[in-house]
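# Examining the three-dimensional arrangement
Listed below, chain by chain, are the residues.
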Amino acid sequence: MSIMNSLSPRAVSAPESGIVEVVNYARGRDGLLPLWVGEGDLPTPDFISTAAMDALADGETFYTWQRGIPELRQALSDYYARHFGVTLPREHFYVTGSGMQAIQIAVQALTSPGDELVYLTPAWPNIAAALEIAGARSVGVQLQFECGKWAVDLNSIGEAITPKTRALFVNTPSNPTGWTATRKDLADILDLARKHDLWIMADEIYARYFYAGGRAPSFLDVMAPDDKIMFVNSFSKNWSMTGWRVGWIVAPPETGQVLENLIQYSTSGVAQFMQKGAVAALNEGDGFVEANVRKAALSRDILCDALMATNRVETLKPDGALYAFLKIDGVTDSRKAALDIVDKTGVGLAPGTAFGAGGELFLRACFLRDPQQVNAAADKLCDYILKL
């Protein structure tokens, strides 16, 4: 008998990331312009790294609070007061080993094997994979795409809800589409969740990347204190900390012991010296985030203007997040196209096939990079597209 047959079927069926497949195919090539993964080109700023190094030098290497050090939880409370206009005591905040772990913890808290969670597609593939590995079922509802814009259809969400549904997963601003819910969209989705007594898992990781100014609409703008909403988030995008793997959950304090237990039995907490870096990010990093957003807006315009000028790309500038989601005339297999593009142009894009239903004909480009690099990538992509 094959050794693979003795492994858990859920583990064996976990899919390879379609994004990572392309990255592994081309990693290390000279002159590569990597727009495939969701991160910027800047390393973590010194004020964050120095805070972590100082804590490490001070011997802060022992077991620590499972929910996160009090200083970090308070910094998160202060951050939400500044940027979301809400007063949430630190008992609402739980530190996790990445945004991905925040999603895993939330999935474990909200679903049991056989339960269903409804989410909007195209979507970052890890949410569906996390559900399936946990034994739950992911139910995708496609965003509507017309004339380059994405929109949510509330009726489609309602039709996907069954007696087995336990939660709705809503990522806005969206990876990969850039769709950004309006305040009315969020209020309508919340009303639907209330009607069916469902939790909402809200992924607002890109809330600061909102190109109309300020931050994107949030469920915090429309919810009541007793609404069942669990927010998942990460330090990765705002503060150039993708490799740190530090995230957080915002949840009702009543769930605290459950969340602490789930953290205990997965990672037993995030290293304290890394948490000290996260404290510095929150307390000192507003200017850095604002600079990142300005750079993203400029690079978004460079990339999208160039591609739309070919008259061969169906897209509009996204309202939020870090991605141009491109539908190129003549591309019917985005996985094949992503491999061909990296071979012929040296530009790395993520194939839309990685993002589930509705994404098959698209390619995703992350534009949180130096505008000159994005301009070079745009030139290469336009040349490729015009030759198709």
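Everything numeric in this text was worked out from a predicted model, so none of it was measured.

## Here we look at the packing of helix 11 (residues 286-309) against helix 13 (residues 371-386)
- For the pair helix 11 and helix 13, the least separation of the axes is 9 Å and the interaxial angle reads 15 degrees. When the axis of helix 11 is compared with that of helix 13, the two are roughly parallel. Here helix 11 and helix 13 pass one another in a crossing that is right-handed. Where helix 11 abuts helix 13, its residues K295, L298, S299, I302, L303, A306 and L307 lie against P371, V374, N375, A378, L381, C382 and I385.
- Residue composition of the contact of helix 11 with helix 13, grouped by class: 11 nonpolar, 2 polar and 1 charged.

## So, the UniProt feature "domain: Aminotransferase class I/classII large" (unreviewed entry) in the chain
- The feature "domain: Aminotransferase class I/classII large" (unreviewed entry), as annotated in UniProt, sits at residues 38-381 in this numbering.
- A distance of 19 Å separates the end C-alpha atoms of residues 38-381, which is 40% helix and 18% strand.

## Regarding the sheet that holds strand 4 (residues 137-142)
- With respect to topology, 7 strands assemble into an open sheet ordered 2-10-9-8-7-3-4, the strand pairing being mixed. Bordering the open sheet on either side are strand 2 (93-96) and strand 4, each of which pairs with just one other strand. Put simply, the sheet's adjacent strands are angled 25 degrees from each other on average, direction ignored.
- Sheet analysis places strand 2 next to strand 10 (residues 247-250), joined by 4 bridges and oriented antiparallel. Within strand 10, the position partnered with Y94 by the bridge is I249.
- Across the sheet, helix 5 (residues 99-110) is in contact with strand 2, strand 7 (165-171), strand 8 (199-203), strand 9 (229-234) and strand 10; its angle to strand 9 comes to roughly 160 degrees.

## A word on the side chain of T96
- Mapped onto the fold, T96 is located in strand 2.
- A distance of 2.8 Å separates a polar atom in the side chain of T96 from the backbone oxygen of S98.
- The contacts of T96, once residues within four sequence positions are left out, are Q101, A102, R245, V246, G247, W248, I249, I263 and V270.

## Regarding helix 6 (residues 126-133)
- If you check which residues of helix 6 are buried, you get I127, A128, A129, A130 and L131.
- Each element contacted by the buried residues of helix 6 is listed here: helix 5, strand 3 (116-121), strand 4, strand 7 and strand 8.

## Notes on helix 12 (residues 334-345)
- Look at helix 12: 15 Å from first C-alpha to last across 12 residues, which is about the 16 Å you get at 1.5 Å a residue.
- Buried within helix 12 we find S334, A337, A338, L339, I341, V342 and T345.
- For helix 12, the secondary structure elements touched by its buried residues are helix 2 (18-26), strand 13 (347-348), strand 14 (350-351), strand 15 (362-366) and helix 13.
- With a side-chain oxygen lying 3.2 Å from the backbone nitrogen of R335, the N-terminal cap of helix 12 falls on D333.
- Positive phi appears at G346, one or two residues downstream of helix 12, with a value of about 80 degrees.

## Here's the deal with unusual backbone geometry
- In the segment running from T121 into P122, the intervening peptide bond is cis, with an omega of 0 degrees.
- Position of P122 relative to the elements: it lies in the loop between strand 3 and helix 6.
- The residue after N175, namely P176, is reached through a cis peptide bond having omega 20 degrees.
- Topologically, P176 is positioned in the loop between strand 7 and helix 8 (183-196).
- Not every positive phi belongs to a glycine, and D197 is a case in point at roughly 55 degrees.
- Within the secondary structure, D197 sits in the loop between helix 8 and strand 8.

The rules behind each value
- Residues numbered from 1 in each chain as written.
- Predicted model: local features only at pLDDT ≥ 70, side-chain atom pairs only at ≥ 80, totals over all residues.
- Heavy atoms only, no water.
- Axes fitted to C-alpha atoms, helices over the stretch in contact; angles between N-to-C directions.
- Helix = DSSP H or I, 4+ residues; strand = E, 2+ residues; numbered from the N terminus.
- Parallel < 35°, antiparallel > 145°, perpendicular 65-115°, else oblique.
- Left-handed = near helix turned anticlockwise from the far one by under 90°.
- Contact = heavy atoms within 4.5 Å.
- Nonpolar A, V, L, I, M, F, W, Y, C, P; charged D, E, K, R; others polar.
- UniProt positions renumbered as here; feature names shortened; annotations may be inferred.
- Pairing = 2+ DSSP bridges.
- Polar contact = N/O pair within 3.5 Å; in protein donor to acceptor, adjacent residues only side chain to side chain.
- Buried < 20%, exposed > 50% of the residue type's maximum accessible area, 1.4 Å probe, protein only.
- Expected span 1.5 Å × (residues − 1).

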